[in-house]
Amino acid sequence: MRSIGPSLLLLPCLLLVGISRIGYAKRDLKSACTTCRQVTDNFKKGIERTAKQNFGGGNTAWEERTLSKYETSEIRLTEILEAVCDSSSFECNRMVEEHEDLFETWWFKRKSKHPDLHKWFCVESIKVCCPTGAFGPQCKDCVGGSDRPCHGNGACDGDGTRGGDGHCSCNHGYEGESCLECIDGFFGEVKNDTFALCSECHASCQSCSGGTNQDCDECKSGWEEDEQDACVDVNECSREDPALCGEEEYCVNNEGSFSCKGCDKVCSGCTGAGPDGCRICAAGYHDVEGTCTDIDECSAEVAVCTAAHQECVNTPGAHLCVCAGGHEELDGECVPTALSEEPETESPQVHDDL
Ligand SMILES: [Ca+2]
């Protein structure tokens, strides 16, 4: 039906078909099914896309009377097949070329009896796929049966393809060959030979038999058993363990753990955040109603800047002794500023050059 082109092009195609026949067995069987799924999905889209078309142009009423109806025509089949593969998809194009006759058979003779093209073509005719819930060359049922592969708690390797080994990859919380066991940190809410529902333990449990902190078999580290056999948080910060945090840090307790945070800069050691969490005030600060506050050395009764023409300037945690107005420092002493005015007009030019 479709013109394949000059015979020169035909030769490599035939070679490829030959290779693929052997190749299917060993090549990735899962990807062959994926390709086939793509082909049949796109074929279905093609059916939808062409549903409202007709022969186009001319007197369609006449053509439909004379020729076969477009709906079931070879022209429509060709239009659908031509759009099934991306031109860049080698696997897809090869599969369609190789099995053109099957598409014709289905289109003209099997469509009404076998409406599911994927099942008829990929599973039953070219046998690159299996029904859902089955895997491998013989389409064996997955563990747990094809209705609920891996008992609904995992993915069956090769599910729906002729590849894979049926091995279950369990969802989070489940383990075991058939995904009916709960992993550590989970417990079985419901559990029998064919069904398991695993839920997460309370955060305090290493392992458990239920969902609360009283159902732990064993407490997780950072938690300890209380008198009621419940796992409760260990308050690491109340243990007064000096090695727990650094000298300039304070301890913050949290559920199952703790952390260390840096003291405020006005503190020398602290028990909490901010200037009111200090154990001792840092140098230059003193305790004012429980808060470490800057000491204003400049307002002390005994003057701190005692040299001639000196002025005191208070700074956070310290103070400076600077020369008073009209004075400048020269060899460690404050001397009157020289009155001679520098020619300031030159300065901007110097900056410009820089
Ligand atoms: Ca804690």
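Everything numeric in this text was worked out from a predicted model, so none of it was measured.

What counts and what doesn't
- Residues numbered from 1 in each chain as written.
- Predicted model: local features only at pLDDT ≥ 70, side-chain atom pairs only at ≥ 80, totals over all residues.
- Helix = DSSP H or I, 4+ residues; strand = E, 2+ residues; numbered from the N terminus.
- Buried ≥ 20, exposed ≤ 12 C-beta atoms within 10 Å, placed from the backbone.
- Contact = placed C-beta atoms within 7 Å.
- Core = buried A, V, L, I, M, F, W, Y, C linked by C-beta atoms within 7 Å.
- Axes fitted to C-alpha atoms, helices over the stretch in contact; angles between N-to-C directions.
- Parallel < 35°, antiparallel > 145°, perpendicular 65-115°, else oblique.
- Left-handed = near helix turned anticlockwise from the far one by under 90°.
- Nonpolar A, V, L, I, M, F, W, Y, C, P; charged D, E, K, R; others polar.
- Arc of directions from axis to C-beta.
- pLDDT = per-residue confidence, 0-100.

Q: So what exactly am I meant to see when it comes to the overall build of the chain here?
A: When helices and strands are tallied, the chain shows 8 helices and 20 strands. Counting every position in the chain, which comprises 354 residues, the buried fraction comes to 22%. Counting contacts in the chain only where the partners sit at least 6 residues apart, residues at least 24 apart contribute 30% of the total.

Q: Before we go on, may I ask you to explain unusual backbone geometry in this structure?
A: Trans peptide bonds make up the majority, and among non-glycine residues the majority have a negative phi. For cysteine 179, which is not a glycine, the phi torsion comes out positive at approximately 55 degrees. Here cysteine 179 shows up in the loop between strand 5 (174-175) and strand 6 (181-182). In this structure, aspartate 331 takes a positive phi of about 50 degrees despite not being glycine. In this fold, aspartate 331 is placed in the loop between strand 19 (327-330) and strand 20 (333-336). A count of 5 C-beta atoms within 10 Å places aspartate 331 in the exposed class.

Q: How should I be thinking about the nonpolar core in this particular structure?
A: The nonpolar side chains of a soluble globular protein tend to be buried with one another. Cys33, Cys36, Val84, Cys122, Cys129 and Cys150 are the most contacted members of the largest nonpolar core, which has 46 residues in total. Considering each element in turn, this core owes the most residues, 6 residues, to helix 2 (residues 29-49). Those residues in contact with cysteine 36 that lie beyond four places of it in its chain are Met95, Phe121, Cys122, Ile126, Val128 and Cys129. Counting residues in hydrophobic clusters, the runner-up holds 10 residues, among them Tyr250, Cys267, Cys281 and Tyr285.

Q: What am I meant to see in the packing of helix 2 against helix 5 (residues 90-98) here?
A: What describes two packed helices is the angle between their axes and the distance between those same axes. Running from N to C, helix 2 and helix 5 point in directions that differ by 70 degrees, and their axes come no closer than 10 Å. Judged by the inter-axis angle, helix 2 sits roughly perpendicular to helix 5. Here helix 2 runs over helix 5; the crossing is right-handed. Taken together, the residues of helix 5 that come into contact with helix 2 (itself represented by Thr35, Cys36, Gln38 and Val39) are Glu91, Cys92, Met95 and Val96. In terms of residue class, the contact of helix 2 with helix 5 is made up of 5 nonpolar, 2 polar and 1 charged.

Q: Help me out: how do you make sense of helix 7 (residues 117-125) in this one?
A: Residues that lie three or four places apart on an α-helix share one face, since the helix turns once every 3.6 residues. Three or more residues of helix 7 are buried, namely Leu117, Phe121, Cys122 and Val123. Looking down the long axis of helix 7, one finds its buried residues gathered within 160 degrees of arc, a one-sided arrangement. Turning to helix 7, the residues buried within the fold contact helix 2 and helix 6 (100-110). Remark: lysine 127 follows helix 7 within two positions and exhibits a positive phi of approximately 55 degrees.

Q: When you look at the confidence of the model for the chain in this model, what are you seeing that I'm missing?
A: Any residue range with low pLDDT should be treated as having predicted coordinates unsuitable for detailed reading. Across the chain, pLDDT averages 86, with 83% of residues at or above 70. Counting contacts from residues 1-26, a segment whose pLDDT is below 50, to residues more than four positions away or on other chains yields 16 contacts. Contacts of residues 343-354 to residues separated by more than four positions or lying in other chains number 0 contacts, the stretch itself having pLDDT below 50.

Q: Teacher, can you tell me more about helix 6 here?
A: All buried positions along helix 6 are accounted for by Phe103, Trp106 and Trp107. Summarising the axial view, the buried residues of helix 6 lie within an arc of 95 degrees, below the 170-degree limit, and thus occupy one face. Residues of helix 6 that are exposed and point over 90 degrees away from its buried face: Asp101, Phe108 and Lys109. Residues of helix 6 that are buried make contact with helix 4 (74-82) and helix 7.

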